[in-house]
Each structure stands twice: as structure tokens, then as C-alpha cells.
Amino acid sequence: YCLSGHPTLPCNILKFKSTTIMLDCGLDMTSALNFLPLPLVQSPRLCNLPGWSLKDGNAFLDKELKECSGHVFVDSVPEFCLPETELIDLSTVDVILISNYHCMMALPYITEHTGFTGTVYATEPTVQIGRLLMEELVNFIERVPKAQSAPLWKNKDIQRLLPSPLKDAVEVSTWRRCYSMQEVNSALSKIQLVGYSQKIELFGVVQVTPLSSGYALGSSNWIIQSHYEKVSYVSGSSLLTTHPQPMDQASLKNSDVLILTGLTQIPTANPDGMVGEFCSNLALTVRNGGNVLVPCYPSGVIYDLLECLYQYIDSAGLSSIPFYFISPVANSSLEFSQIFAEWLCHNKQSKVYLPEPPFPHAELIQTNKLKHYPSIHGDFSNDFRQPCVVFTGHPSLRFGDVVHFMELWGKSSLNTVIFTEPDFSYLEALAPYQPLAMKCIYCPIDTRLNFIQVSKLLKEVQPLHVVCPEQYTQPPPAQSHRMDLMIDCQPPPMSYRRAEVLALPFKRRYEKIEIMPELADSLVPMEIKPGISLATVSAVLHTKDNKHMLQPPPRPVQPASGKKRKRVSDDVPDCKVLKPLLSGSIPVEHFVQTLEKHGFSDIKVEDTAKGHIVLLQEAETLIQIEEDSTHIICDNDEMLRVRLRDLVLKFLQKF
Amino acid sequence: MDPECSRLLPALCAVLVDPRQAVADDTCLEKLLDWFRTVTEAGSSLLLLQENPCLVDLLSHVLDLKPQDVSPRVLSFSLRLAGTFAAQEDCFEYLQQGKLLLGLFGEAGPLSWAVWSVPTVRSGWIQGLKSLVQHPSGLHFLGDSGAVDALFSLQGDSSLFVASAASQLLVHVLALSMQGKAKGSPSPKGNAWPACAQKIVAHVEASLCSAAVLQVTQALNVLTTTFGRCHSPWTEVLWGQLSPLVAHLLESDPIPAAHSLVDLLLSVARSPVFASADCALWETMARMLSCLSPTQAGPLALGTLKLQHCPQALRSQAFAVLLQPLVCILRATAQAPGPPGLLDETVEGDSMTVDTLLSSKSACVGLLCQTLAHLEELQPLPQCPLPWPQTLLMEAVVIILRLCDGSAAPSSSEGRRLCGALAGCVRVQRAALGFLGMLSQGTSSWELVPQVFAILLETLESPASSPTVLKKAFQATLHWLLDTPKPPGCLGLGPHAPLFLRELFPVLQKRLCSPCWEVRDSALEFLTHLSACWGGEADFREALLASEVPKLTWQLLRDPESYVRASAVTTMGQLSSQGLQAASNSPGHSEVQQGLVGELLHILSVDSEGFPRRAVARVFTEWLRNSHADVARDTEWFVATVLQMVSQDLDWEVRAQGLELVQVFLAQTLGQPNPPCPYAVALPKVTPPSPLPEVLQTLCQMQIFDFAFRALFDCDRPVAQKACDLLLFLRDKTAPCSGLQEPGNSSDVASVEATLERWQAGEQGQPLGSLEPEVVLAALRSMDLEGLQGRLAESSDHVEKSPQSLLQDMLATVAVLEENVADCY
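Taking an unreviewed UniProt entry as the reference, chain A is identified by name as Integrator complex subunit 9 belonging to Fukomys damarensis. According to the UniProt record, the Sequence similarities (unreviewed entry) comment for chain A is "Belongs to the metallo-beta-lactamase superfamily. RNA-metabolizing metallo-beta-lactamase-like family. INTS9 subfamily."

Pasting the structure below:
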């Protein structure tokens, strides 16, 4: 069941072996781009934007919609596009598996409002950093209270009349305001922490295991397997050497189905080249006396950027330029990154034993080159020096401290805004700030798998089937000629889209059954071929909690005792004494000789299509020998039949 | 051979055959063999053997050893030594008498021993035979000993060296056996050839008909070498006899040993014997061009086009084959397929090329890289085909670069697949940029130039360009900027360049800030070349000075990477020479102007790496040579300051550059050195601005003599040589002063000479003190500078290279080994 249309912010549900597993819980925040920014400081420019009216001059929407440089924005608290809630009853979800902190932002909507009663599994860094991201989001939105709501434009008849992109916005009815901190806390309390390669049993029938995915601190892919089926869920993985533990590919082998989501959003951009671009433009701006604004999340790529800058600033002669990191969770983010040693790549892990902080931003902070603040208010305004470099959120440019800097620096062409987060279209993000004098540089850094890496991975892992979002089965619309920018594998991948249900191609062939020890003791295996033994088993199949167990059959019913009351367990139907099973074949010539030895004479053998008929003419009896049956046909001579039967049985083996 | 060597030789021979005393070092044996070769080339081998019977003993001892005691190295050495001696016919007879040669090279010799499995032995056996077969007796010996059959089987040896040597020996034997015959009749028929030659040719024929590709390859290799080396008439007969077999190979599918076949055809075509048109050969080549796969046909096409004499039709066909992949690219991307007529006959190969291009990414990349490299190689040659389809090639290269960077959007399905195969392919990008740079030399219509500049700019700008691609892009840009075609009557930089420069400098600015040092380095290198050529052009100066580039270059003088610092020094030196170091309206202009000398001196004195210091020394020399304003202000102070720093430098190249600086300075003060050749055009004599004694006084104050004397005894030979030349020049120039005045105090001269002697002995701690010109002149005259120059000209190991020292070394090594053995017990 696909609940999200965004391939890098997935939310899918897998029904597997009678369990219902939600895979990730991503929140599509691109809907926020349709809203006006929330300025921290009153912005006369934004306040004075004209209301939008229909072509016929009807201005009933002018309170809700404002116009800025030819674009129309909703003037209310930003709203986010939730995962599909109608496709499946979400209260039936047993567990939610989270693969990285970017893919859990819709968790409070699911756990708090759908009747969900299950458990959420995630690694510790994912939970901690996910909490920071949620905290930051709630903080950004709650600290600029806006009473106004805008319900009118969502009316389908009205929406049709609006200009793009509002007209084309999908699922507007599911758009919701941000959750509260209370809901966040409640949602996070349902999470159970797991470690890489830890095996978690779900109802005894399915085992789930997180594996390192190499994308972010604590990010994981998941193996979901029963005894005979294996599904791999690959979401947001990276093969590049950045700070997290490298991706575990080997464990993904032998999958029946591999669900592939979270590939790079910018397949044409090489992260190395982009980092170079980032550094060059940053240096150029600062050397010319301008300021650099980097809209970013408080965790993730920022660690790598700070590390690059640590190496670069001295060489570029930027040692005296202050770097500011402004976020309500800046301090926690920088500190958390240093304590998750076991989740880091080998290089960084080994630093911990020296002991040194694994990330060099510790040194940047110590030497006062990097300073961090919870917001622009307070200490920051005292320390603020220009030119400088500011890292702050939110990358959508709709809320957070970044709005203030856009308003402050947007008018000067000396300043530069450098977009590094790939989640939002930078042109759309900039739309409400137009006209803008400051330079804009787009160098998205997305370390997730690209298509070349995917094809290598698939060759290595060789899953029987690949399942992926439909976006990955065709080239991106803007580059329809780039046949290399899609998944190419055999058999072709099965694709899904939002609100679609896909039947996975499983063949249920085997089930594991355990045998009770006392029953096993009673078995008498017979060797059929070297190395293969057979034994007949008579037992009762007992199934509980999806585990199957063979128990010894109840003893034959005792001769009626004096007690008339039956016990409940005696309800089991009585078993008859079992006849042995026969196997083997009867060599006709040999059989005839044996018959003759036992005094039968006048024996005739006829060949039939299926075997032979042995005629005992004297006794008016015939024995039909076929591949899988033998019949003795004689008239009313039970003695003779039994004698003949015993002779036949001598040639067969019994179990 | 000198007596000392003769004395040492018996001991060495004894050591070599002693199984208990292993020769540790192979190179000694090689050196020994080289020495014997020079000795035998200079005189009679027979005499040598007679005077040194130990040598024959060595050879017979090797044969007498038990198989398990034979060292493969010594055996291989002995085989080659015996061959060297037997190269002279009288010596061959002498060795034959003792059956030594048969023992060494015959079937009962090492051929049948266990050590034959060691490749060194087999290689020694072949090389020994090759030295031996220099005369008819040797040839007979070879025929009788059954060695030819052994050579046939060695052609397929597991060791490539052995297999190749066997083939070459066969060619050598064939050529030698035909040598005598060819003199009589011009080209006897094959069946009248000597038995040995007939045997080899029959073997080659049989191999050519073999079904095993390896055998065919061996036969083709032998023939390729034969036609490459032997240009006698008999080779024509040989080709006449074998060409049907070779042509027959073309009928198989796939063609066996295609690469070797291409080599053979080219080798035959290059042979002067076939200079007169051989229609059959050209036909075979034409057939081959049409039936080989595009990847295999490429080298044949290139080779054909490089031939001096070749029918025009074949040349056209070859060129069409070479262009085919590019034409396919143009067609697949719906570009115009080039001038009509040129490619009419290529439709046949078209589908095959397209198949190769589309079959896989690696095939596509391989074919394109090969094609581009071939065309790049062809363009500057005199044989370059005409008309050269400049427009087609430029369009093809531009579209290839666009496919690589993903900016091309072809509509056909082939085009899309090409796009997928080439997107982000650095190898093709590099090859295409290399070729694009070369294309700048062709005469292209100037309407196409903007397209080229556009793709170059995009490549330079793109964040996806890797450092190696950027380097190539910078080189190509430089080519196009400097060679850019201009419309007739256009002056200056042409119509495109100023526009391009305005867009180029922001890109250059960004690249100078790149975190990748290779990129910063290539950008600086580019800037240096560009400003060297265009520093005087107003458009260029304006665009450069309006940008941040000079300021950024200045900042790179402090770059953490030494290569970048060195390049920045060179660039700043260049910019400063042309008055381009900073924008005139920038606030820190005057400091910049004044501070550059100081900054460079700072680098020269404190930089921990050699490259930036060398660069500074070179820049200073250039500045002095071109009378840079900062230097001309006080030249003497400048030279003295630089010398003071340079003389202490640990890097010999910096010291040598210091001497170069002195040389320039002296040429400016004392005049040019006298031309070494009496016929050279005499330069007008520079009259020293001041009288010679005063100049000498100044030189002494500047401590130039101190510096030159110190350098004369430098432990690095190039520095000492340069110093010696410099002092000789000084002595010549000061000759008129010689009678001027005798040194006032002869003890001063003695003290200076004593100090110099100590310096020569390596004790350079003591200073020379303040020198008077007279003392210096006396010291100069008393020194044997010519003798010193001669000694320095000899290579530093001339003492160690003597045969005597070699023999002593080898014996000493064994002695040490013996001691070690004794220690163990």
C-alpha cells in the first residue's frame, strides 16, 4: 500500500505473513512552499502584499491569498501533505519501521490520530536527531503565532480557478497544520530502540532486522523475513564515504523482493563537485565582503559541510570569517553528533579511541570560528559580525530564522544564498522574496544512491523482484532523453504510486514445522538413497502464534472405563491403528517363481498398458500389478487372498 | 684487456662455477656481459680466449656441472657469453673444436636439462644463438643442431619475452640466410632458397593455415617483423608467396588475430620494396577495412592514412572509416551529417559502427576515445587528409561534449541511448577536449567559434567537471583563444574573444577558489599562459583588471599546497611584468605594487617546499632579464639580497637558478659572453656602464665571487658545472684587468687559495672574508677551471663504471657472503 507520492519521503505499508508493517513515515513538506513565509520580525513588505482577486475582479479570496511578483501564496500557517489515510485502516498497523530521521516526520499524525496501537522501531540516533528535527519544526512554527486560517481556497471548485501552482496542488484536503510538541513526545514514546543487525521477532512469524544504510547517523535499511521469504526495504542509502557507518550490502542478498526508495533527488549532480562549488562560491562572496546564507536542516549534510570548511577555510584565507549556526536545536545537534561513535564510519570511530572528537566542528567551536545560537534573538545579536556565513533553517524558506536573513540580506548583490538541501525547488523557495538582488547558488548535496550505483547494487544483490516508486521507472520529466536516469534491471521493476495497492509476487511454498522431542524419538528413518532418509510421521499439527508444532498423537482410546464423564481433551477424534505404508516394486518373474515355489501352477503372465496381470488359472484368480497399486481378485476365497497378499508384501518395504 | 682485469678474471670465473657461491646480483652479470661485448667489438675474441683460458674453462665447467648444481643465472650468462665470443667466425671455429657450442646449444645441452623450465635460461639460449648467428658457419651450425625446431616451439612460450625473442631470432635467421643469396640473383623463386629459409617459410605457411589463432598470430608476428626489418627484393617474393594465405584469413568470421593482421599489412605497406603500386596489397587492405569491426579497423585506417604512398581511393576509404563513429553520433543526435559526398561510401559500415556504439557503455567509450585520439594524432601530420572536414569534426566534438555533460537532448532512441552511455563519462570528455584543442589549429569558419566557446565555458563552469577534465578544458580554451580564427581585416583579439573573456573571468575566479588544489593549479597555469600572450591587449587587460582574479592570485601565494604556491608565484611574476597585478582603483593598490617583491622574498627565505622557492628564483631571473621596474630601481641590492637567500638554500635547483640570475646580471654589467662558435653572429658589444675595476669592486661587495666559489664545490654536479662556466666567463671578461695591478698582499691570495682548497675538501664552514678584486683575479687565474670543467663533464660514476671495479666488486660481494657463512657456524 503506497501512502506517499514522494519517493524520498516514503510511507508504505507491507502486509506480510499476516503482519501489517508500515515502512517509514515521511512527511511531504513541499506543500509549505505555497504559503507565505513566517517572518520572525514584522516584515512590512510581506504585510503589504496585495490580496489576490479572480479575473472577474471578485476579491472574496483576498484575505487568504496574496500576490507577490506574479505568484500567489496562501497567507496562513503553513500546512503539510500527510500520507494517505483512507487507503487502509491505519489502526491495523502492527509496527512502523523507520529508516532515517528524515523519514519519520509524519509520525505524530499517524500514531496520535489513527488509532494506532503498535510499536515503532528505529535506531537511537534516528530517534534523537528525528526529535531535534521535529522540535525545530514545531518551534519555528509556534513562535510566530498566526491566527489566520485559510480554508476557502481548498474548495475544489475554487481551486480550479486559481493560478498554478496552487491550481495543481494535490491532495489539498489532507493538508494539515503542524503537530504540537506534546504530540511529538507522545509519538516518540512509542518508539522502541534497535541496533544494527538486531533481530526483532514480530508475532513469531516475521523477523525484522535493521542494517546500516550509510546515508545518515543511524540510518537503516530493513530486512523483513520469514523462514522462507525475504523482503529487503532499501530507503535512503549511500555508498559514499561520509560520516555514517558504511552501507551493509551483503545482507541484502537472496531477497525475493527488494523495495527500493529514497534514491538521490538530483541524479545529475555529483556531491563532490557540489561541495567544491559550495566552497568556491562561499569564498568568493566572503572575499568580496558579502555574507553567505546556507538554508539547511540542523543535522546531516551540515556535518560534512562543516568538515569540508574546516579543511578549506585556512587555505582560502577565511580564518577570520565567523560561521554562525542558528537553530533551536543547534547545540544538541552538534553535541549529539559527537557521542554516537558506534554509528560512525571507521575513521571517525577510531578517533574516539585517541581520544578526539570524531567531527572537527568541535575544534571550530573551540577556536570560536563556529558559533551556535538557538535563535537570532539574544546573544547572537551581540556577537553578530559581517561578513559572515550563516547556517540556519528551514530549507523551504517559509519559516525559521532563515526568513529573517532573506529579508535582511536579499537586497544586496554582495550577499549569496547557497542551497545545499535537495528537498525543495530553490526557485519556488525564493518566489515570495522576489525581486531579489542577492546571488543564488544551487548546489544540492544529495549523497543517496544514484542510478549507476543502484544498477551495481542490484547486480551484486540480485533480488528476484524489484519494487520501486513509479518516478524511478522513467527518466525525469525535465530530462526525458536521459535513459540512464532510471532503474534498469531484469525483470523490469514493479512500480507503485500514491494510493495504489500492489500485490507482491510471492510464492508461498514452505512453512517451518517443529517436531516435539518425544515424537522425534519415535521416528524410524529409513535410508532411501544415500543421504536421504524417510520416516512416516503420525502426529497432530498444533498451530499457535504462527508457530507450527507436531505433537505425538493421542493414544488409542482406552477400553471403556467405568467413568462416563468425558474429559475435554478426549474430544480429539480417535485414531485407528495405522497400517504401514508400502513402497518398492514387484519384479514379475521373481514373483512368479515365488508363486510356483508355494505350490501354484499353471501361471500365466499378461502384459498390460500399466503393468502386468498374473493369472492363476487353476484357482481362477488374477493379480493385477500396476505401478501404484496391486489388486488380488479372487472369488470368496479369503484364505487364498491372504496367502497371496502375504506373498506380495514380501516384495515390498514397509514403513 | 688491461692486465689488472686479466689477473682478476680467473678468480671470478672460479666463483661463477662454484655452486656454493651464488652470485647475489643479476645486474653484475649483465654489466660483465656488456663489458665483454665492448672488449670483443674492439678486438679479436679468439685472442681474448687464448690469453684468458679461464673463460673457456668457465664454459666447459658449466657443462660439466651436475644438473642440480647449475645456477640458472650463471647458465644463462654463459650461453650469452659463448654467443658473444662465437660471433666472430675464427673464434666460433675454435669453440667448435672443443664441441663446446654443441654442448651448450645442441639438443643434449640445457635444452634437455631440468633448468630449461626457468625462463631466464631459455631467454639466454635464444640470445646466445642470436649473437652466434652472424656468419655462414653459424647458420650451418644452427641448421645442423636442430635449434630451428626448438625455436618454432619457443614461439608459443609461456614467457612473452622468450616467445618474442624466438620470433625475432627466426626473422634474423631468415634474413641472414637470404643475405648471401640475394646478392647473386635479384629475387630467386622460393623453391631455390636456402634450406634454412625454406624451412622457416614452410613453418610460417603451415601456421597461417592453422585453425589455432595462437599459431596464426605467431606467423603474422614473424612476418610483420620480417617486412619491417628486411627491405631486400626477396621479401617481395615472400609476400607474393604468402599473400594468398593472408588474404584467405580475411574470409573467416571472425577474422583470426585481427590486430596482428593489421600490423602485418601496415608493415608490408610501409616497406620501400612495395613502393611501386601493388594492387593486390591495396585490395587486401581495402577488404580488411570494410570487414573489420570499427574498433579493430581504427588502427588500420590511421596506419593507412599515415603511409607516404597510397592510392587515393584507399585513403578516402580509411578516412571514412576513421570518421564513421563521429558521423554516427551526428546522425543519432540529428545533426547534419557533414558535407555531402565525403561519406557516401560509408553506409555499409554504418550499422556495424552504430551497433558497437550502442552495444555497451564500455564499447562506446572505447571506440570514441580511440577515434578521437587517432584524429588528434592525424591532424598535425603532413599526410593529414584533405579536405579536412573541420566543420563536421567540430560539430561532432561539440555534440559529444554535450552528450557527456548531459546538456544534449537528442530525440531519436539511438541518441538517447548514447546519452545514457556517455553522460558523465570523464574519459570521453578528456579525449574530446584534447581533440577540440587540436582543432583550433585548423581553419574553421568563424561562425562555429561561438559554439566552441560556449561548450568550453560550460565545461569550465560546470560543478560536475572533474579536475582532469578542467585541466583539459583550460588547455583547449587556451588553444582556441590564441588560435581563434578572425574574420579578415579584424585586428586585436577578434570579435568573440572579448565577449568570451567577460564570461571567462568570473569562472576563473570561482576556480581559483576551488577546494581542489589541482583545479587552482590548472587555473593559475592557464592564466599565466594567457597573460603571457595577451598581456598587451587592451581588451584582455580591461577584462582582467575589472575582475577579482589578480587579487585572488595574490592570495594564492599563501596557499597551503606547494604546487599552487609555485604556480601563483609564476602567475604573479607574469602579471607583474605586464603591470597587471591589481586593479588600479582598488584601495590596497600601492601596497600590492610594493609588496610583491617582499612577498616573493619572504617565500624564497621561509617556504618549506622547494617548488615555490624555485618558482621565485625563476621569476626573479626573468624580472632581471626584462628589467622589471621593481628590480631596476636598485638592481645591485636586489641581486645581492636574492643571492644571500639562495646560497643557503637546500634545493640545488634554487642554487642553480641563483647562478642563472648572476649570469644575467653579469651579462648586463659586463656584456654578453663571447660566442662559442667563430661563425656565430656577433652581438653588438655592451659597453660596461662603469670602468671594469669599479664593476669588480661592486661584484666583490655583492659577494658574487663568494657565492660562485661556494657553488663551484657544490655537492650537486649541475650547480658546480654552472658555477664553473660562470667563473670562466668572469675570468675571460676580467682578462683586460690582469695587468692592471698586482695583488697588494700575496698572503691574502694564499689565504684565499687555502680556504678554497678546504672548501673543495668539503669543509665549507670557514668564510672567505671580504675580498679585494685583485685577490679574486689572482685566485681565478691560479685555478685550473678548464680541468675542473672537464672533470665535472664526466658522469659522476665514471670511476665506479670501470671493468676493474666491477670485477673487484663482484669478488668482494662473494667474499662478504663467505664471511657471513663462516659467521653462521
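Explain the domain arrangement of chain A to me, please; I cannot follow it from the model alone.
When the parts come together, some accessible area is lost, and that loss is often what is quoted as the size of the interface. Taken domain by domain, chain A holds domain 1 (12-28 + 84-130 + 190-264 + 448-496), domain 2 (271-442) and domain 3 (582-654). Centre-to-centre separation of domain 1 of chain A and domain 3 of chain A, based on C-alpha positions: 65 Å.

Please clarify how the sheet that holds strand β6 (residues 95-97) of chain A should be interpreted in this entry.
Sheets are built from strands that pair by backbone hydrogen bonding, the pairs being arranged parallel or antiparallel. Residue and element names in this part refer to chain A. On the basis of which strands lie adjacent, the open sheet formed by 5 strands has the order β1-β2-β6-β7-β9 and mixed pairing. Edge strands, defined here as strands with exactly one partner in the open sheet, are β1 (12-16) and β9 (191-194). Neighbour to neighbour, the strand axes of the sheet diverge by 30 degrees on average, direction disregarded. Across 4 bridges, the pairing between strand β7 (residues 119-123) and β9 is parallel. Paired with Ala 122 across the two strands is Leu 193, which belongs to β9.

What exactly am I supposed to notice about empty space enclosed by the protein here?
In this approach, a probe sized like a water molecule rolls over the atoms, and the result shows the empty space that is left. Residues and elements named next belong to chain A. The tally for this structure, following the rule as stated, stands at 7 cavities of 30 Å³ or more. Looking at the largest cavity, its volume works out to about 190 Å³. Along the wall of the largest cavity there are 21 residues; nearest its centre are His 102, Tyr 215, Gly 300, Val 301 and Glu 421. Here the residues of the lining of the largest cavity are counted per class, giving 8 nonpolar, 8 polar and 5 charged. Formed jointly, the lining of the largest cavity draws a minimum of three residues from each of two domains, domain 1 (12-28 + 84-130 + 190-264 + 448-496) and domain 2 (271-442). For the second largest cavity, the calculated volume is near 130 Å³. Every residue lining the second largest cavity is counted, 14 residues in all, and those nearest its centre are Met 29, His 102, Met 105, Tyr 297 and Asp 423. Looking at the lining of the second largest cavity, its residues break down into 8 nonpolar, 4 polar and 2 charged. Counting residues domain by domain, the lining of the second largest cavity receives three or more from each of domain 1 (12-28 + 84-130 + 190-264 + 448-496) and domain 2 (271-442).

Help me understand the pairing of strand β14 (residues 257-261) of chain A, please; the structure alone is not making it clear to me.
If a strand is regular, its side chains alternate between the two faces of the sheet. Residues and elements named next belong to chain A. In terms of burial, β14 is largely enclosed, as 5 of its 5 residues are buried. Neither face of β14 is exposed, since Val 257, Ile 259 and Thr 261 on one face and Leu 258 and Leu 260 on the opposite face are all buried. Summarising the sheet, β14 and strand β21 (residues 465-469) pair through 3 bridges and their orientation is parallel. In the sheet register, Val 257 faces β21, and the bridge partner there is His 465.

When you look at the interface of chain A and chain B in this model, what are you seeing that I'm missing?
With 19 residues of chain A at the contact, the number on the chain B side is 22 residues. Roughly 1800 Å² is buried in total at the junction of chain A and chain B, and carbon and sulfur atoms are behind 60% of that figure. Looking only at chain A, the three residues that lose the most surface to chain B are Leu 284, Arg 287 and His 481 of chain A, adding up to 34% of its buried area. The interface formed by chain A and chain B holds 1 salt bridge in total. The salt bridge involving Glu 277 of chain A is made with Lys 510 of chain B; its shortest N-O contact spans 2.6 Å. Listed by contribution, the elements that provide at least two residues to the side of chain A that touches chain B are α6 (271-287) and α7 (301-315) of chain A. Element by element, the count of residues in the side of chain A that touches chain B is highest for α6 of chain A, at 11 residues. Broken down by class, the residue content of the side of chain A that touches chain B amounts to 7 nonpolar, 8 polar and 4 charged.

I'm lost on helix α23 (residues 426-439) of chain B in this one. Help?
An α-helical turn contains 3.6 residues, so any two residues separated by three or four positions project in the same direction. All names here are of chain B. Its 14 residues place the ends of α23 20 Å apart at the C-alpha level, agreeing with the 20 Å of an ideal helix rising 1.5 Å per residue. Looking only at α23, the buried set comprises Val 428, Gln 429, Ala 431, Ala 432, Leu 433, Gly 434, Phe 435, Leu 436, Gly 437, Met 438 and Leu 439. Of the surrounding secondary structure, the elements contacted by the buried residues of α23 are α20 (361-378), α21 (390-405), α22 (413-422), α24 (449-461) and α25 (467-483).

Procedures and definitions
Residues numbered from 1 in each chain as written. Chains lettered and ligands numbered in written order. Predicted model: local features only at pLDDT ≥ 70, side-chain atom pairs only at ≥ 80, totals over all residues. Heavy atoms only, no water. UniProt positions renumbered as here; feature names shortened; annotations may be inferred. Domains from an automatic or database assignment. Pairing = 2+ DSSP bridges. Helix = DSSP H or I, 4+ residues; strand = E, 2+ residues; numbered from the N terminus. Axes fitted to C-alpha atoms, helices over the stretch in contact; angles between N-to-C directions. 1 Å grid on protein atoms, 1.4 Å probe; cavity = no way out; pocket = protein on both sides within 12 Å on 5 of 7 lines; lining within 4 Å. Points joined across faces, edges and corners; volume = space filled by probe spheres on them. Nonpolar A, V, L, I, M, F, W, Y, C, P; charged D, E, K, R; others polar. Buried < 20%, exposed > 50% of the residue type's maximum accessible area, 1.4 Å probe, protein only. Contact = heavy atoms within 4.5 Å. Buried area = accessible area lost by both parts, 1.4 Å probe. Salt bridge = Lys/Arg side-chain N within 4 Å of Asp/Glu carboxyl O. Expected span 1.5 Å × (residues − 1).

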